[in-house]
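Here's the letter readout for the chains.
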Amino acid sequence: MSSAASFSVWDYVVFTLMLVISAGIGVYYAFSGRGQSSSADFLVGGRSMTAVPVALSLTASFMSAITVLGTPVEVYQYGAVFILICFAYVLMVAVSSEIFLPIFYRLGITSTYEYLEMRYNKVIRLFGTVLFIIQTVLYTGLVIYAPALALNQVTGVDLWGAVVSTGVVCTLYCTLGGLKAVVWTDVFQVGIILAGLLAVIIQSVLLQGGISTIISDSAQGGRLNLWDFDPNPLRRHTFWTITVGGTFLWTSVYGINQAQVQRYISCKSMFHAKMALYINLICLWTISICSVLCGLCLYSFYKNCDPWTARKVSALDQLMPYLVLDILSEYPGVPGLFVAAAYSGTLSTVSSSVNALAAVTIADLIQPYLSLSEKQLSWASKAMSLFYGAVCIGMAGVASLMGGMLQAAISIAGVVGGPLLGLFSLGILFPCANAKGGLAGLISGLTLSLWVCIGAQIYPPRPENSRPLALVTHGCNFSGGTNWTANTEENLERPFLADNWYSLSYLYFGPLGTVTVITVGLAVSILSGGRQMKVQSGLTLSKEDLTFYKAYNALKAKVSGSAGKFDLVQELDKSFGKTNFAFCDVELSTQTPT
C-alpha cells in the first residue's frame, strides 16, 4: 500500500467554493427583500417554512463531520452493528412528532425552555437554559476541532486556519441571514455530504471489483455482527444498547433540543412540521447507510494492513481522509469534495447551534428582563449569533482533550440531553408533576449521568466490554507494530465500580438520566401534593394531538358524511391547521402553575 497523496490545488478550489456558497446564502438572505425585520423573522424564519427544506435542515444539523469521519471508523473498529441506529431513528421520529412537537408548536414559543416556566417555574427554566448552553458550546467545540485535526494530519490543511475559517463562515451567515440562511445552507450541505460519501463508496466498489468483495471481506473480518442480542448493559454495542439507548439519545436531540425544535416550529402548519420529521427520517437512513458502507469499504481496503497500527496515521479519526487520498487522489478535486463534505457537516451543525444559542439567550435571558423594541431584539439576536460564534471557536481547543469523535459527541449529548428529556417528558406526560418534583428529578438525573460519564473517562471499559475487532498489519511492507487491541492498561489497579458502574455502555448515559428524572420527579411530586395540582390546558399531551386520532376522525367523518373525492393529506393539514399560537391573537398565560 502506497502512502496517501497530498491535497492538490483543485481540492482547495472545491473546498473554498463550498465555503463561499455557504457564506453567499447568508448574504443573500441578509440583503434580499426577505430580510429579517424582527427577531421572529431572524430566529424562526417568520414561521413560514415548508416541510422539505426543514427536513433536510433537521438532517444536516446533527449529521456533522462526526458522522462523515467518525461513523466509518466506528464500523472499522467495532463492526456494522451500528447500522441498527436506523431502528432508533424510527422510534425517535414517532415519539418526537406525536409527543413533543404538538406541545411546542401549539404554544408558539421561540425557546423550548419557555415551556419549563409555563409548566414548572422560572428557576427550572433558567436551569434548563444554562444546561443547554453548556452542552451546546461543548458539543460545538468538538464538532469544529475534531475534523480540523483529522484533516490537518492527513491532508495538510492548516489546523487553526480550518477551525477559524469554519467558525467565521458559520458566524457570518448566521448573523447576516438568520434561520432562513441556516436552513437553506443546510439543504446545500446535505447534498455535499451525500456526494462526498458516495464518491468514496463508488470508487471503492470499482477498485475492489464489486460490492460483493467488500461484503465478503467484512464478513470474514467479523464486521457484519448485526444481531447481537446480549442484554448486558456493560456491552458497548448490542441490539439493545443501540436501539434503546439510541432512541433516548436521538429523542433528546429531535424532541427537545432547541436547534431542532426551532426548525419545526418555523413551519407554516403543524402538518408541515410533522411531515418534516418523517421526510428527515429517510434522509437519516440514507446518510447512516452510506456512512456504514464507507466503514466496510475502509476495512476491505486495509484488512491486511491497518494504517493506525502501522503508524501511517496518528489517530483513528484520520482513517477516512487517508482512504480518500489513497483511492481518489488521481481525480483532481474529488478529495476536496470529501473534505468539503466533512466541513459541510461541521458548518451545518455549528450554524444550527449558534442560531439556537442566540434564540435561547434572547428568549430566556434577555427578553423577560429587558424591555426592548422589535428592532432592538433583532439587532440583539444578531449580536448573540456573533458572540456565540466566537465562543464556539474558542471552545474548539477544549475538544482536543476528548477521545474518539463519535463516542465523545454522544456522551456529551447523553449526559445533559437525557436528564432534560426526562424533565420535559415528566411535564408533558404526567399532569401530577410539579416544580419540586421537576427540580429534584433534574438534579438527580444530571448527577447520576455525570458520575458515570466522568468515571468512564477515568477508567475506560475493558476490551471484553467494548469488544474491538482485530486489526492486523501482516500485509504491510514492513515488520513491527502490534495489534491495537493489545495496547490496554491491564496492570492498572481498578476499583470495583470501574468494571461495573463505569463500564456502562455510553449509549445508556441518556436513558439513565431520563429514567432517573421521571422516577424521582414523580415520587417527589406525589409526596409534595402534585395530584391536587391543576395544570393549565395545552401544557400536557392529549389524544387530539395524535396524528392517528386525527386521521381516524377524518376517515370517520368521510364515511358518515357525503361521498366524493377524499384526500387524507389535505384533511390532516386542515385538521391540524395553523395551531401555532404565533398565528393567533390569543396566547397561553405564562403564569406558574400552583
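Residues numbered from 1 in each chain as written. Predicted model: local features only at pLDDT ≥ 70, side-chain atom pairs only at ≥ 80, totals over all residues. Heavy atoms only, no water.

> So what's going on with the overall build of the protein chain? Residues and values would help.
For the protein chain, the count of helices and strands is 21 helices and zero strands. The buried share of the protein chain, taken over its 594 residues, is 59%. Pairs at least 24 residues apart make up 86% of the contacts formed inside the protein chain by residues separated by at least 6 positions. A total accessible area of about 22600 Å² is found for the protein chain, and carbon and sulfur atoms account for 65% of it. (Helix = DSSP H or I, 4+ residues; strand = E, 2+ residues; numbered from the N terminus. Buried < 20%, exposed > 50% of the residue type's maximum accessible area, 1.4 Å probe, protein only. Contact = heavy atoms within 4.5 Å. Areas by Shrake-Rupley, 256 points an atom, 1.4 Å probe, with all protein chains shown as cover.)

> I'd love a proper account of unusual backbone geometry, names of residues and values included.
One non-glycine residue, Arg 311, lies in the positive phi region at around 60 degrees. Relative to the elements of secondary structure, Arg 311 occurs in the loop between α12 (270-302) and α13 (319-328).

> Before we move on, can you summarise the pattern of salt bridges with the specific residues and values?
By the definition in use, this model includes nine salt bridges. A salt bridge links Asp 228 to Arg 467; the shortest N-O distance between them is 2.9 Å. Residue Asp 228 is found in the loop between α9 (211-220) and α10 (239-254), and its partner Arg 467 is found in the loop between α18 (463-466) and α19 (509-527); the two are separated by 239 residues along the sequence. Residues joined by salt bridges that share partners form a network here, namely Glu 117, Arg 125 and Asp 364. (Salt bridge = Lys/Arg side-chain N within 4 Å of Asp/Glu carboxyl O.)

> Residues and numbers for the nonpolar core, please.
If you look at the biggest cluster of nonpolar residues, it comprises 119 residues, and the most contacted ones within it are Phe 100, Phe 104, Tyr 115 and Tyr 264. Among the elements that take part in this core, helix α14 (residues 334-366) stands out by supplying 13 residues, more than any other. (Core = buried A, V, L, I, M, F, W, Y, C linked by side-chain atoms within 4.5 Å.)

> Give a detailed account of a nonpolar patch on the surface, specifying residues and quantitative values.
Residues Phe 87, Trp 227, Phe 229, Trp 240 and Val 244 make up a contiguous nonpolar surface patch of about 510 Å² in total accessible area. Note on placement: Phe 87 falls in helix α5 (residues 85-107). (Patch = residues over 30% accessible without salt bridge, like charges linked within 9 Å, V, L, I, M, F, W, Y side chains within 5 Å.)

> So what's going on with the packing of helix α4 (residues 65-78) against α13? Residues and values would help.
At a minimum axis distance of 8 Å, the contact between α4 and α13 shows a crossing angle of 95 degrees. In this view, α4 runs roughly perpendicular relative to α13, as classed from their interaxial angle. Residues Val 68, Leu 69, Pro 72, Val 73 and Tyr 76 of α4 pack against Leu 319, Met 320 and Pro 321 of α13. Its residues placed into classes, the contact of α4 with α13 shows eight nonpolar, no polar and no charged. (Axes fitted to C-alpha atoms, helices over the stretch in contact; angles between N-to-C directions. Parallel < 35°, antiparallel > 145°, perpendicular 65-115°, else oblique. Nonpolar A, V, L, I, M, F, W, Y, C, P; charged D, E, K, R; others polar.)

> Outline the packing of aromatic side chains, supporting the account with residue identities and numerical values.
Scanning the entire structure with this criterion turns up 19 aromatic pairs. Positioned above the aromatic ring of Tyr 120, the side-chain terminus of Arg 119 is 5.6 Å from the ring centre. A cation sits over an aromatic face here: Arg 236 above Tyr 78, 4.1 Å from the ring centre. (Phe/Tyr/Trp six-rings, centres within 6.5 Å; stacked < 30°, edge-to-face > 60°. Lys NZ or Arg CZ within 6 Å of the ring centre and 35° of its normal.)

> Outline the confidence of the model for the protein chain, listing residues and values.
Looking at the protein chain as a whole, its pLDDT mean stands at 80, while 83% of the residues score no less than 70. Mean pLDDT across the secondary structure elements of the protein chain bottoms out at helix α2 (residues 39-44), with 52, and peaks at α19, with 94. Note that residues 479-491 has pLDDT below 50 and, in this model, 22 contacts with residues that lie over four places away or in other chains. (pLDDT = per-residue confidence, 0-100.)

> Got a sec to walk through α9? Specific residues and values, please.
Restricting attention to buried positions, one finds in α9 the residues Ile 214, Asp 217 and Ser 218. Projected down its long axis, α9 shows its buried positions confined to an angular sector of 100 degrees, all on one face. Seen from the buried face of α9, the exposed residues on the opposite side, beyond 90 degrees, are Ser 212 and Gln 220. Once α9 ends, the next one or two residues include Gly 222, with phi positive near 75 degrees. (Arc of directions from axis to C-beta.)

> Lay out the environment of Leu 101 in plain terms, naming residues and giving numbers.
If you trace the backbone, Leu 101 turns up in helix α5. Leu 101 has contacts with Ser 96, Tyr 264, Met 270, Ala 273, Lys 274 and Leu 277, leaving out every residue within four places of it along the chain.

> Break down α12 for me, citing the residues and quoting the values.
Over its 33 residues, α12 runs 48 Å from end to end, which matches the ideal 48 Å to within 8%, given 1.5 Å per residue. Of all 33 residues that make up α12, 24 are buried, and the element is covered over most of its length. (Expected span 1.5 Å × (residues − 1).)

> How would you explain the environment of Val 354 if you had to name every residue and give the values?
When you line up the elements, Val 354 lands in helix α14. Those residues in contact with Val 354, other than ones at most four positions away along the chain, are Cys 174, Ser 385, Tyr 388 and Gly 389.

> Explain the state of the cysteines to me, and be specific about the residues and the numbers.
Taken as a whole and assessed by the stated rule, the structure comprises zero disulfides. Free cysteine Cys 294: the closest other cysteine sulfur is in Cys 297, separated by 6.0 Å. Accessibility expressed as a relative area gives 0% for Cys 294, which makes it buried. (Disulfide = S-S within 2.5 Å.)

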